[in-house]
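An overview of the molecular structure
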Amino acid sequence: MTWMGAEKLKSASMQGGEYFRSLMALFGWLEQTESPYFQPSPPAPNPFVLNKEFKDPDFPADVTSSWGLSVENSKDIIVFGAGLYSFFDNYTQQCIAGRNCQTKILDVDTKSTISVFSLSTVASTFQLLCGEVVANQFERIPSL
């Protein structure tokens, strides 16, 4: 079992947070990320170029901001307490009220097994994807 705790990554262009590839038995806690304030202009992974040699994450056409957490081909991952935040859209905060600064923030492929306890997201339309949308933040927050 690998332990990784109190990790904070901020404003990385490709992954604002963790990027797990082919891992087994990882326990992470108090993970916190923020998406880059300039995204989605230019969209992720810009201004960088993806390099499969370094196992950079994939970015479907509809994903224009960095992943808060991306998990691929990994088994027995446990995350206890994660805050994946998106506060800006092209340096503005007008997206906060609509909870749509970013479309997708946590991606888990269908080959992986992961348990997430206490996931907090801010202004990301879709909190979790596992092959398809699993959690839509907008549908889960009552109208004010």
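It should be noted that the structure appears before, not after, this text.
What comes next is a walk through the structure. Residue positions are given per chain, counting from 1 as you read along its sequence in written order. Residue-level local features of this predicted model are given only where pLDDT is at least 70; pairs of side-chain atoms are given and counted only at 80 or more, and the full residue set underlies all totals for whole chains, interfaces and linings. To get the side-chain values, all heavy atoms of the structure are used, and hydrogens and water are removed first.

Quick word on the packing of aromatic side chains
Stacked, tilted and edge-to-face are the three classes applied to pairs of Phe, Tyr and Trp rings, where Trp contributes its six-membered ring and a pair requires centres within 6.5 Å; stacked means planes under 30 degrees apart, edge-to-face means over 60, and tilted covers the rest. Using the criterion set out here, one finds three aromatic pairs in the structure. Ring plane angle 35 degrees and centroid distance 4.0 Å describe the contact between Y37 and F88, whose orientation is recorded as tilted. In this pair, Y37 is assigned in the loop between β4 (24-34) and β5 (67-72) and F88 in the loop between β6 (75-85) and α1 (95-98), connecting sequence segments 51 residues apart. For F88, a relative accessible area of 17% gives the class buried. A centroid spacing of 5.7 Å and a plane angle of 35 degrees characterise the contact between Y85 and F87, whose relative ring orientation is tilted. Here a helix means four or more residues in a row that DSSP labels H or I, a strand means two or more in a row labelled E, and each is numbered from the N terminus. Think of it in three bands: with a 1.4 Å probe and only protein chains considered, a residue is buried below 20% of the maximum accessible area for its type, exposed above 50%, and partly exposed in between.

Structural notes on the state of the cysteines
We call a pair of cysteine sulfur atoms a disulfide whenever their separation is within 2.5 Å. Evaluation of the coordinates by the stated rule reveals one disulfide. Disulfide partner of C95: C101, at an S-S distance of 1.9 Å. Because the sign of the S-S torsion sets the handedness, a value of about 90 degrees for the bond joining C95 and C101 places this disulfide among the right-handed ones. C101 matches C95 in its accessibility class, with the two residues each being buried.

Thoughts on the nonpolar core
The term nonpolar core refers to a set of buried residues drawn from Ala, Val, Leu, Ile, Met, Phe, Trp, Tyr and Cys, joined through side-chain atoms within 4.5 Å. Grouped together as the largest cluster of nonpolar side chains are nine residues: L69, V71, I77, V79, A82, L84, I105, L106 and V108. When residues of this core are traced back to their parent elements, those giving at least two are β5, β6 and β8 (106-108).

Describing unusual backbone geometry
Cis geometry marks the peptide bond from S41 to P42, where omega comes out at 5 degrees. Tracing the backbone shows P42 in the loop between β4 and β5. In the segment running from A44 into P45, the intervening peptide bond is cis, with an omega of 10 degrees. Relative to the elements of secondary structure, P45 occurs in the loop between β4 and β5. For A123, which is not glycine, the phi dihedral falls at a positive 60 degrees. Relative to the helices and strands, A123 resides in the loop between β9 (114-122) and β10 (124-129). You can call A123 buried: its relative accessible area is 4%.

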